[in-house]
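Now for the letters of each chain:
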Amino acid sequence: MQQEISPELYQKVASYIKKNSALDYSNAFHHNLKIALNDRTEANQLHSCEEYYFFIQQNPQEYQELIQQLTIGETYFFRYTQQFDFLRNTVFPEYSQSLQEKTTATINIWSAACSSGEEPYSIAMTVHELFGKNKNLVNIFATDIDHNAIQSARQGIYRKNSFRSENEKWSQKQYFVEQEHSFQLQQAIINQVQFQQLNFLELENTPFAQNKFHVIFCRNALIYFSQKTVYQLIERFHDMLLDGGYLFLGPAEYFPKSQFSFVMEPQGHSIYRKIKTPEKKIKASPQVLKKTQLDSNQSNRVYTIQKPRKSYFMKSEASDTSHPNTSVSKNYQQLYEDAFHLYQQKSLADAEKLFKECTSDEKTEIRARIALAHIFSDQNKHTEALEQCQLVLQQEPVNGDAYFLMGMLYQQINDFLQAEKMLRKSIYCQENHYLARYFLAGLLEEKGERNKAQKEYQNIVNLSDNCGHHEIHPLLRDHTLTFEQVFNICSPKLSSDNQK
Ligand SMILES: C[S@@+](CC[C@H](N)C(=O)[O-])C[C@H]1O[C@@H](n2cnc3c(N)ncnc32)[C@H](O)[C@@H]1O
């Protein structure tokens, strides 16, 4: 049975991990840390997680086991299909042109946190498909901190769980030999990837850091590192990319692009391109960054530093000298209400514009960003939506609506594991967040965990008697489900079940 972890113990463990490893679990409650603590306590036959906390301080090997479990290598072939489509349709055609024109001799790709190999092998299959007998002009390097993952990757044997994307059938048929309970990858694809154990946080002065790449994949490994570590790493990747090279991140991985010369690719699938002028920019806090058009290619967005923004109602602010601050916030409040009204009227572009204005004022910023995330999510602009959620969490690490929206976004891109994590975080932040509970119940049902789903339905129904439900952002409430609607869906589920 899972033990409850008190907030005090959670913070103690998170601080210890942060001090010793650059993994940062301290800014919010991370469900997987709780699971890992429970698992390792049980594996070591200790009585409590508190006891385990003292145990890891005396036992470096066990501490490593815990870190390994936390950076668990969840992965599958062609994860985030749109990124592979972009590789196939945009990146490779561009570089094969360079090969033909002999402006480049080979194409170098690095999968920096490759886990058990599904990611670099997906790249290799794409290369095989496009380059045929010229495939050796593409070098694929794959590294991971986890020695066991590298060993397993080199063998190229996979189970069903590794085939979860839409490309599954195509890849299974063509490149794998089915065995009794597994699939063996063809040797030709295995040979295309060079594996090596490597910690990307310790690249300083290593020969590997001298390499230059056209493409770097580092997906779903940065998510739990501290912001400072992520920035240092992005800087390192920036140095190791050739001009115009591409960085592929996971959808929840975010960095302020202003500090590095990157543009985000217009499709918004967490793909960034190194700008040709490598000059670094001055550091600035994310709040004063503004998106401006810079390139001749108007669809590429470049982030530059902006002077403090003029207030929306600059005139009245100037004339009202007696209460300047009240006047500014009141006007932003009005602006926010106008934006909301426009959204209700379905004038989405205008609403978006005004909500963006509202992000300049601290009183309206969080609400406006949640609204923007919702609008972007409706338009399938996942990266932009996740970016807004991350900005909210930077200001307010326990914002349940931001985590809830992230849960919805992960569901949209079929990453159900992350979706579940985010919904749980939302509930941790606001335990009476009825929408998070409702969608979590749906995911649990999908997974066949019926009892757990029932518990969630029960929790929602209880919200009407106990402390009431969390005041969800009105835009989410009105455009998803109200509490009454969720209640009406959940209660028959419970009663019909009880009758059985
Ligand atoms: C969730 S997996 C991601 C696999 C793959 N990139 C994907 O997105 O499907 C995260 C991987 O990051 C690796 N990792 C964590 N910290 C690392 C570090 N400092 N250096 C290299 N790899 C690391 C873990 O060992 C794990 O295999």
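1. Description of the overall build of the chain
Phase 1 of the analysis: A count of helices and strands for the chain gives 21 helices and twelve strands.
Phase 2 of the analysis: Buried residues in the chain amount to 41% of all 500 residues.
Phase 3 of the analysis: The contacts of the chain with a sequence gap of at least 6 include a subset with a gap of at least 24, amounting to 63%.

2. A closer look at the confidence of the model for the chain
Phase 1 of the analysis: Across the chain, the average pLDDT comes to 80, with 82% of residues at or above 70.
Phase 2 of the analysis: Here residues 278-329 is modelled with pLDDT under 50, and outside its nearest four sequence neighbours on either side it reaches 61 contacts, counting other chains as well.

3. Comments concerning the sheet that holds strand S3 (residues 157-158)
Either a parallel or an antiparallel arrangement is found when strands of a sheet pair, and the pairing is made through backbone hydrogen bonds.
Phase 1 of the analysis: In space, the three strands of this open sheet follow the order S3-S5-S4, with antiparallel pairing throughout. Either end of the sheet is taken by a strand with one partner, and the two such strands are S3 and strand S4 (176-178).
Phase 2 of the analysis: Relative to strand S5 (residues 183-185), S4 runs antiparallel, the two being bridged by three bridges. In the strand pairing of S5, Phe176 is matched with Leu185.

4. Quick notes on the site of the ligand
Phase 1 of the analysis: In the region of the ligand, 19 residues are neighbours, and Gly73, Thr75, Ala113, Ser115 and Ala221 sit closest.
Phase 2 of the analysis: Considering only residue class, the shell around the ligand consists of six nonpolar, seven polar and six charged.

5. Brief notes about unusual backbone geometry
Phase 1 of the analysis: Its identity as a non-glycine residue notwithstanding, Gln45 has a phi of 55°, on the positive side.
Phase 2 of the analysis: The residue Gln45 is located in the loop between helix H2 (31-43) and helix H3 (49-58) in this model.
Phase 3 of the analysis: With 6 C-beta atoms counted inside 10 Å, the residue Gln45 sits in the exposed group.
Phase 4 of the analysis: The backbone of Asn220 shows a phi angle near 60°, a positive value even though the residue is not glycine.
Phase 5 of the analysis: Topologically, Asn220 is positioned in the loop between strand S7 (213-218) and helix H10 (227-240).
Phase 6 of the analysis: Residue Asn220 is classed as buried on the basis of its C-beta count, with 23 C-beta atoms lying within 10 Å.

6. With respect to the pairing of strand S1 (residues 107-111)
Phase 1 of the analysis: By the criterion of burial, S1 is predominantly enclosed, with five of the five residues buried.
Phase 2 of the analysis: With burial as the criterion, each face of S1 is covered, one bearing Ile107, Ile109 and Ser111 and the other bearing Asn108 and Trp110.
Phase 3 of the analysis: Direction of pairing for S1 relative to strand S2 (residues 138-144): parallel, over a ladder of five bridges. When the sheet's bridge partners are listed, Asn108 is paired in S2 with Asn139.
Phase 4 of the analysis: Viewed along the sheet, the connection from S1 through helix H6 (residues 118-131) into S2 turns out right-handed.
Phase 5 of the analysis: As paired elements, S1 and S7 share three bridges and run parallel to each other. When the sheet's bridge partners are listed, Ile109 is paired in S7 with Val215.

7. Focus on helix H17 (residues 416-429)
Phase 1 of the analysis: For H17, with 14 residues, the first-to-last C-alpha span of 20 Å sits near the 20 Å given by 1.5 Å per residue.
Phase 2 of the analysis: Of all 14 residues making up H17, eleven are buried, and the element is well covered by its neighbours.
Phase 3 of the analysis: Along H17, the positions that sit buried rather than exposed are Gln418, Ala419, Glu420, Lys421, Met422, Leu423, Arg424, Lys425, Ser426, Ile427 and Cys429.

8. Considerations on the packing of helix H14 (residues 365-378) against helix H15 (residues 382-395)
Phase 1 of the analysis: Two elements in contact, H14 and H15, have axes separated by 8 Å at closest approach and are oriented at 160°. Classified by the angle between their axes, H14 and H15 sit roughly antiparallel to one another. In the crossing of H14 with H15, the sense of the turn from one axis to the other is left-handed. Seen from H14, the contacting residues are Glu365, Ile366, Arg369, Ile370, Leu372, Ala373, Phe376 and Ser377; seen from H15, they are Glu384, Ala385, Gln388, Cys389, Leu391, Val392 and Gln395.

9. Concerning the environment of Ile413
Phase 1 of the analysis: Counting through the fold element by element, Ile413 comes out in the loop between helix H16 (400-412) and H17.
Phase 2 of the analysis: Measuring from C-alpha to C-alpha, the distance between Ile413 and Gln82 comes to 9.5 Å, with 331 residues separating the pair along the chain.
Phase 3 of the analysis: With residues up to four places along the chain from it excluded, the contact list for Ile413 reads Tyr80, Pro251 and His382.

10. Structural notes on the packing of helix H13 (residues 348-358) against H14
Phase 1 of the analysis: Interhelical geometry of H13 versus H14 gives an angle of 150° and a closest axis separation of 8 Å. Comparing the axis directions of H13 and H14 gives the class roughly antiparallel. The chirality of how H13 crosses H14 is left-handed. Mapping the contact onto sequence places Leu348, Ala351, Glu352, Phe355, Lys356 and Cys358 in H13 and Glu365, Ala368, Ala371, Leu372 and Ile375 in H14.
Phase 2 of the analysis: When the residues that make up the contact of H13 with H14 are grouped by side-chain class, the tally is eight nonpolar, no polar and three charged.

11. Let's talk about the environment of Asn191
Phase 1 of the analysis: On the secondary structure map, Asn191 appears in helix H9 (residues 187-191).
Phase 2 of the analysis: When the C-alpha atoms of Asn191 and Arg154 are compared, they prove to be 9.0 Å apart, with 37 residues separating the residues in sequence.

12. Structural notes on H15
Phase 1 of the analysis: In this model, H15 (14 residues) spans 20 Å end to end at C-alpha, consistent with the 20 Å of a helix rising 1.5 Å per residue.
Phase 2 of the analysis: Judged by how many residues are buried, H15 sits mostly within the fold: ten of 14 residues are covered.
Phase 3 of the analysis: Those residues of H15 that are buried lie in contact with H14 and H16.

13. Describing the environment of Arg369
Phase 1 of the analysis: By secondary structure assignment, the location of Arg369 is in helix H14.
Phase 2 of the analysis: The spatial distance from the C-alpha of Arg369 to the C-alpha of Cys358 is 8.4 Å, given a sequence separation of eleven residues.
Phase 3 of the analysis: Setting aside anything within four residues of it in sequence, one finds Arg369 in contact with Thr359, Gln388, Leu391 and Val392.

Reading the values: rules and limits
Residues numbered from 1 in each chain as written. Predicted model: local features only at pLDDT ≥ 70, side-chain atom pairs only at ≥ 80, totals over all residues. Helix = DSSP H or I, 4+ residues; strand = E, 2+ residues; numbered from the N terminus. Buried ≥ 20, exposed ≤ 12 C-beta atoms within 10 Å, placed from the backbone. Contact = placed C-beta atoms within 7 Å. pLDDT = per-residue confidence, 0-100. Pairing = 2+ DSSP bridges. Near = placed C-beta within 6 Å. Nonpolar A, V, L, I, M, F, W, Y, C, P; charged D, E, K, R; others polar. Right-handed = clockwise from strand over helix to strand, strands pointing away. Expected span 1.5 Å × (residues − 1). Axes fitted to C-alpha atoms, helices over the stretch in contact; angles between N-to-C directions. Parallel < 35°, antiparallel > 145°, perpendicular 65-115°, else oblique. Left-handed = near helix turned anticlockwise from the far one by under 90°.

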